Amino acid sequence: MELRTVNYWRDDEIATVQLNRPEVLNAINEDVLADLAEVTRSIINDDKIRVVVLTGNEQAFAAGADIKSFVAYNPSDAHKYIHKVQKGMSQLLSLGKPTIASIAGYAVGGGCELAMVCDLRIAADNAVFGLPEINLGIVPGGGATQRLTRLVGEGKAKELVFLGSMINAQKALEYGIINFLVPLADLKEETMKLARKLSRKPPVAIQAAKELINLSFDVDIFNGLMMEKEKFAYLFSTEDQKEGMNAFLEGRKADFKGR
Ligand code: COA
């Protein structure tokens, strides 16, 4: 895999994807989108991976779309670009493995949106969140008007998108944008602890839970509950269900195989 803007490695069952354009605070351009698509393909095909961590550096998770490439765009260019962004985001969201955004520094614009398509968000105390697109005369295009609204509710979404101002990690925690807030010095270790905890859960059940929760906003409650019932019953066909329940009854820790 030839990557130009992203670092990618795997420790046992945990894959880490690190955005790597530090000179522009990890601003997202066409190369980043292409690299993320390639990495996502590789993760889909690697059965050993149980958890994916998406991260940046200490200054920035990502400062949004690369404004330098934007300046000359016409509507057709903008459409092509944002189509790729949304496609990439959807691929990440529908990855059959849990994803963690590990955030230090700026997570603004497309960076904030990228964090929002991860399943869980852990942030350092220097993290800054915002949707500043309005200040450029545009609106967010990577899903914020839809996903942020679902995450924090209409009032707070309108506040963040209309004002385009930044909020700190503490406020992001209060708003429900992030799940965990830790000191910057502990971010890597706490992220790996969380990733390892998730990697020990039964992967098939985690995938089912992810699919069900992801679709909960898109289907009515009757169909959502029907699907939950079917997944619930299906999981009784897995070895991991037998292992989980036997381990409980035998008073030991379960060892889930992902089958
Ligand atoms: N696109 C392109 N370049 C970007 C960028 C972006 N989204 N965000 C930051 N950069 C570049 C800056 O131009 C600067 O480059 P330079 O050193 O060649 O001048 C470098 O990254 C460092 O950024 P700087 O603005 O000096 O850092 P800061 O700490 O003062 O401010 C931000 C950080 C995030 C508040 C500020 O960079 C910013 O507002 N960025 C744009 C965010 C945005 O609007 N994103 C949505 C785009 S649709």
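Cut-offs applied
- Residues numbered from 1 in each chain as written.
- Predicted model: local features only at pLDDT ≥ 70, side-chain atom pairs only at ≥ 80, totals over all residues.
- Heavy atoms only, no water.
- Near = heavy atom within 4 Å.
- Polar contact = N/O pair within 3.5 Å; in protein donor to acceptor, adjacent residues only side chain to side chain.
- Helix = DSSP H or I, 4+ residues; strand = E, 2+ residues; numbered from the N terminus.
- Nonpolar A, V, L, I, M, F, W, Y, C, P; charged D, E, K, R; others polar.
- Axes fitted to C-alpha atoms, helices over the stretch in contact; angles between N-to-C directions.
- Parallel < 35°, antiparallel > 145°, perpendicular 65-115°, else oblique.
- Left-handed = near helix turned anticlockwise from the far one by under 90°.
- Contact = heavy atoms within 4.5 Å.
- Patch = residues over 30% accessible without salt bridge, like charges linked within 9 Å, V, L, I, M, F, W, Y side chains within 5 Å.
- Areas by Shrake-Rupley, 256 points an atom, 1.4 Å probe, with all protein chains shown as cover.
- Salt bridge = Lys/Arg side-chain N within 4 Å of Asp/Glu carboxyl O.
- Lys, Arg positive; Asp, Glu negative; His and termini not counted.
- Charge placed at Lys NZ, Arg CZ, Asp CG, Glu CD.
- Buried < 20%, exposed > 50% of the residue type's maximum accessible area, 1.4 Å probe, protein only.
- Pairing = 2+ DSSP bridges.

1. Re the site of the ligand
In step 1: Around the ligand, the surrounding shell holds 15 residues, and the nearest of these are V24, A63, A65, D66 and I67.
In step 2: A distance of 2.8 Å is found between a nitrogen atom of the ligand and a backbone nitrogen or oxygen belonging to A65.
In step 3: One nitrogen or oxygen atom from the side chain of Y106 is found 3.5 Å from an oxygen atom belonging to the ligand.
In step 4: Of all the elements, helix α2 (residues 67-70) adds the most residues to the shell around the ligand, at three residues.
In step 5: Taken together, the residues of the shell around the ligand sort by class into 11 nonpolar, no polar and four charged.

2. Here we look at the packing of helix α5 (residues 144-152) against helix α6 (residues 154-163)
In step 1: Close contact between α5 and α6 brings their axes to 7 Å; oriented N to C, the two are set at 135°. Looking at the two axes, α5 sits oblique to α6. As α5 runs across α6, the sense of the crossing is right-handed. Between α5 and α6, the residues in contact are L148, T149 and V152 and E154, K156, A157, L160 and V161, respectively.
In step 2: Tallied by class, residues from the contact of α5 with α6 come to five nonpolar, one polar and two charged.

3. Digging into a positive patch on the surface
In step 1: Among the surface-exposed residues, R196, K197, R200, K201 and K253 lie close enough to one another that they form a single positively charged patch.
In step 2: Along the chain, K253 falls in the segment after α11 (239-250).
In step 3: When its relative accessible area of 74% is taken as the criterion, K253 is described as exposed.

4. Some remarks on a nonpolar patch on the surface
In step 1: Side chains of I67, V71, L136 and I138 sit close together on the surface and give an oily, nonpolar patch of about 370 Å² of accessible area.
In step 2: Relative to the helices and strands, L136 is located in the loop between β8 (128-130) and α5.

5. Some details on the sheet that holds strand β4 (residues 60-62)
In step 1: Taking strand neighbours across the sheet as the criterion, the four strands line up as β4-β6-β8-β9 in an open arrangement whose pairing is mixed. The open sheet has two edge strands with one neighbour each: β4 and β9 (167-168).
In step 2: Where β4 and strand β6 (residues 106-108) come together, two bridges link them in parallel fashion. Considered in β6, the bridge of A62 is made with A107.

6. What about the packing of helix α9 (residues 203-215) against helix α10 (residues 221-234)?
The description of two packed helices rests on the angle between their axes and on the distance between the axes.
In step 1: Between α9 and α10, the least distance of the axes is 11 Å, while the angle of their chain directions is 180°. Relative to α10, α9 is oriented roughly antiparallel. Mapping the contact onto sequence places V204, A208, E211, L212 and L215 in α9 and M227, E228, K231 and Y234 in α10.
In step 2: Each residue belonging to the contact of α9 with α10 can be placed in one class, and the counts come to six nonpolar, no polar and three charged.

Remember that the coordinates give geometry; whether it matters functionally is a separate question.
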